[in-house]
Amino acid sequence: LNAGQAALVTGMATSGARLQLAIAPAGAGKTTAMRALAAAWVEDGGTVLGLAPSAAAATVLREQIGTTTDTLAKLTWSLEHDDLPDWAEDIGPDTLVVIDEAGMADTLTLDTAVQFVTARGGQVRLIGDTQQLAAIGAGGVLRDIAATHGALHLSELMRFTDPAEGAASLALRDGRTEALGFYLDHGRVHVGDLATLTQGVFTAWANDRNHGLDAIMLAPTRDLVSELNQRAQTHRMAQTHRTAGDSTRVVGARLADGNTAYVGDTVIT
């Protein structure tokens, strides 16, 4: 652990607070800190549980801290229907509940979870980023907690080997336009007309896919997204047919944007 991670783990493990917040930008070593916190709590005889706004985030958290995790929605649904899962029934004074990606959870859901855990004597640790994509529902409570009661912070980025890139990402996170200078200087920003850029994005995507790399295309309008998806699908199916020699009639499912989904397509929601 670096000094910031050690301070965060110590503060969260020993504060005795029923509810405590840590703000950590992406790449600041949150995973390592949470793993150490969970290990320390369990070694001291306690139990650790994890909650997150989405199933994907809950799965990642489970892999990170090696304990039972679930979604905030599952807990609130269980409380409304008086049908608590075993892990929720077992929450007590020795329980630490880590709520990851807390900035993406709406305030009412967070309140329900915190009230439930603290009423049973447990402690809650919120981990999130106030600059992150916000909740779909009413949110903003992390900033309120930080302003009113304070928060622990991770500020040293661990994800980047180049300190300048780490500093640029933090500046970009804060909305400081001078951060763009780093990306311009390092050839990360490409300027051109829409048709040229669209072709460039598709070519780069196809090249990465051909080399076995994961790649995703992003576009500013739904029409352009639809066009790129159609081109990507045609590219994939042409490759599949060349490899497998498949000449059978393909049946697909019509999509809302006018495209058709076929077996083998990747759907991202």
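Keep in mind that this is a model prediction, so the values were computed, not measured. (Residues numbered from 1 in each chain as written. Predicted model: local features only at pLDDT ≥ 70, side-chain atom pairs only at ≥ 80, totals over all residues. Heavy atoms only, no water.)

Caption draft 1: Examining the overall build of the protein more closely. Counting secondary structure elements, the protein contains 11 helices and 8 strands. When the backbone C-alpha atoms are referred to their principal axes, the protein occupies close to 65 × 50 × 35 Å. A total of 269 residues make up the protein; the buried ones form 38% of that total. Taking all contacts inside the protein whose residues are at least 6 apart in sequence as the whole, residues at least 24 apart take part in 68%. Split by element, the accessible area of the protein, about 15,800 Å² in all, is 54% carbon and sulfur. Distance from the positive charge centre (19 side chains) to the negative charge centre (31 side chains) of the protein: 5 Å. (Helix = DSSP H or I, 4+ residues; strand = E, 2+ residues; numbered from the N terminus. Buried < 20%, exposed > 50% of the residue type's maximum accessible area, 1.4 Å probe, protein only. Contact = heavy atoms within 4.5 Å. Areas by Shrake-Rupley, 256 points an atom, 1.4 Å probe, with all protein chains shown as cover. Lys, Arg positive; Asp, Glu negative; His and termini not counted. Charge placed at Lys NZ, Arg CZ, Asp CG, Glu CD.)

Caption draft 2: The nonpolar core, seen in detail. In terms of nonpolar packing, the biggest core is built from 24 residues, with Leu51, Leu75, Ile99 and Leu126 touching the most fellow members. Top contributing element to this core by residue count: helix α6 (residues 107-119), with 5 residues. In this structure, Ile99 is in contact with Leu51, Leu72, Leu110, Ala113, Val124, Arg125, Leu126 and Ile127, ignoring residues within four places of it in sequence. (Core = buried A, V, L, I, M, F, W, Y, C linked by side-chain atoms within 4.5 Å.)

Caption draft 3: Local environment of helix α7 (residues 141-149). All of the buried residues along α7 are Val141, Leu142 and Ile145. Angularly, the buried residues of α7 cover 105° about the axis, an arc narrow enough to put them on a single face. Among the residues trailing α7, Gly150 stands out with phi positive, at a value near 85°. (Arc of directions from axis to C-beta.)

Caption draft 4: Expanded view of the packing of helix α1 (residues 3-14) against helix α2 (residues 30-43). Interhelical geometry of α1 versus α2 gives an angle of 35° and a closest axis separation of 9 Å. Two packed elements cross with a definite hand, and for α1 against α2 that hand is right-handed. Note on element contacts: α2 touches α1 through Thr32, Ala33, Met34, Ala36, Leu37 and Trp41, opposite Gln5, Leu8, Val9, Met12 and Ala13. A breakdown of the residues in the contact of α1 with α2 according to their chemical character gives 9 nonpolar, 2 polar and no charged. (Axes fitted to C-alpha atoms, helices over the stretch in contact; angles between N-to-C directions. Left-handed = near helix turned anticlockwise from the far one by under 90°. Nonpolar A, V, L, I, M, F, W, Y, C, P; charged D, E, K, R; others polar.)

Caption draft 5: Geometry of the sheet that holds strand β2 (residues 47-52). If you walk across this open sheet you meet the 6 strands as β3-β2-β4-β5-β1-β6, and the pairing is parallel. Two strands in the sheet have a free side with no partner beyond their single neighbour: β3 (69-71) and β6 (152-153). Sitting on the sheet, helix α4 (residues 72-80) touches β2, β3 and β4 (95-99), and the angle it makes with β3 is about 75°. Packing against the sheet, α6 makes contact with β1 (19-23), β2, β4 and β5 (123-128), and its axis sits at approximately 150° to β5. (Pairing = 2+ DSSP bridges.)

Caption draft 6: Region of interest: the pairing of β1. The element β1 is extensively covered by neighbouring structure, given that 4 of its 5 residues are classed as buried. Examined bridge by bridge, β1 and β6 share 2 bridges and lie parallel to one another. When the bridges of β6 are listed, Ile23 appears paired with His153.

Caption draft 7: Structural context of the environment of Thr266. Among the secondary structure elements, Thr266 is positioned in the segment after β8 (260-261). On the basis of relative accessibility, which here comes to 65%, the residue Thr266 falls in the exposed class. Residues Thr266 and Gln233, spaced 33 residues apart in sequence, show a C-alpha to C-alpha distance of 9.3 Å.

Caption draft 8: Expanded view of the packing of aromatic side chains. Here the structure, examined in full by the defined rule, presents 2 aromatic pairs. For the pair Phe182 and Tyr183, a centre-to-centre distance of 5.3 Å together with 85° between the ring planes defines the contact as edge-to-face. One exposure class covers both Phe182 and Tyr183, and it is buried. Stacked on the ring of Phe202, the Lys or Arg Arg231 has its end atom at 4.5 Å from the ring centre. (Phe/Tyr/Trp six-rings, centres within 6.5 Å; stacked < 30°, edge-to-face > 60°. Lys NZ or Arg CZ within 6 Å of the ring centre and 35° of its normal.)

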